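Listed below are the residues making up each chain.
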Amino acid sequence: MERKENIIVQLTFKFALEIISYSELLQDHKKYVIANQLLKAGTSIGANIREAQNAESKQDFIHKFKIAAKEIEETFYWLELCEFSENYPSVKTLNEQLENISRIVNKIIITSKHQ
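Definitions and limits used
As a convention, each chain's residues are numbered from 1 in the sequence order in which they are written. Owing to the predicted nature of the model, reporting of local features is limited to residues with pLDDT of at least 70; listing and counting of side-chain atom pairs is limited to 80 or more, with chain, interface and lining totals taken over all residues. The basis for every side-chain value is the complete set of non-hydrogen atoms in the structure, without hydrogens or water. Here a strand is any run of E in DSSP of at least two residues, a helix any run of H or I of at least four, and the numbering for each starts at the N terminus. Every helix has an expected span of 1.5 Å times one less than the residues it contains. Any residue under 20% of the maximum accessible area for its type is buried, any over 50% is exposed, and the rest in between are partly exposed; the area is computed with a 1.4 Å probe on protein chains only. This arc describes the spread of directions from the helix axis toward the C-beta atoms. Contacts: residue pairs with any heavy atoms within 4.5 Å of one another. N or O atoms within 3.5 Å of each other form a polar contact, as long as, within protein, one can give a hydrogen and the other can take it, and as long as residues adjacent in sequence are counted only when both atoms are side-chain atoms. Helix axes are fitted only over the stretch in contact, all axes being lines through C-alpha atoms; the angle between N-to-C directions runs from 0 to 180 degrees. Throughout this description, any angle smaller than 35 degrees is read as roughly parallel, any larger than 145 degrees as roughly antiparallel, any in the 65 to 115 degree range as roughly perpendicular, and the remainder as oblique. Handedness of a crossing is defined here by the sense of rotation of the near helix relative to the far one, left-handed for an anticlockwise turn of less than a right angle and right-handed for a clockwise turn. Following the grouping adopted for this structure description, the nonpolar residues are Ala, Val, Leu, Ile, Met, Phe, Trp, Tyr, Cys and Pro, the charged ones are Asp, Glu, Lys and Arg, and the polar ones are all others, Gly among them.

(A) Structural detail: helix α1 (residues 7-28). Compared with the 32 Å implied by 1.5 Å per residue over 22 residues, the 32 Å span of α1 between its first and last C-alpha is a close match. The complete set of buried residues in α1 reads Ile8, Val9, Thr12, Phe15, Ala16, Ile19, Tyr22, Ser23 and Leu26. Along α1, the residues classed as buried sweep out an arc of 145° about the axis, all on the same side. The elements touched by buried residues of α1 are α2 (32-52), α3 (58-84) and α4 (92-113). Among the residues of α1, the N-terminal cap falls to Asn6, whose side-chain oxygen and the backbone nitrogen of Ile8 are separated by 3.2 Å. A positive backbone phi angle near 60° is found at Lys30, which sits one or two residues after α1.

(B) Quick look at unusual backbone geometry. Backbone geometry at Lys30 places phi at a positive 60°, although glycine is not the residue there. The topology assignment puts Lys30 in the loop between α1 and α2. Unusually for a residue other than glycine, Asn87 sits at a positive phi of about 65°. Along the chain, Asn87 turns up in the loop between α3 and α4. Note on Asn87: relative accessible area 64%, which makes it exposed.

(C) Focus on the packing of α2 against α3. At a minimum axis distance of 8 Å, the contact between α2 and α3 shows a crossing angle of 160°. Viewed along their axes, α2 and α3 adopt a mutual orientation that is roughly antiparallel. Handedness of the α2/α3 crossing: left-handed. Split by residue class, the contact of α2 with α3 holds 15 nonpolar, five polar and four charged.

Okay, structure coming up:
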């Protein structure tokens, strides 16, 4: 069965792949702690959104998206640490992607609450 196109699922999957690549780059530079934290938070966003696609109720759907929103904030935190630390690769593209994802996730939460 073919899955219906879902932009937020696609965006978060693509973002997770980019986070994996960035985390591997950090590991190559022996920045293991930040790499692992960023990897966990950044890939968790898409996992929670994917899980929400099979929510048992509207409340469950909203709850999963709220967890994703929390993971977005944590990911912003780790990216900000990378941005302001010395000798870390640029996070500009990741931040831009995450800003877009954050706007969509928050809009979905607000819209879902008012349906």
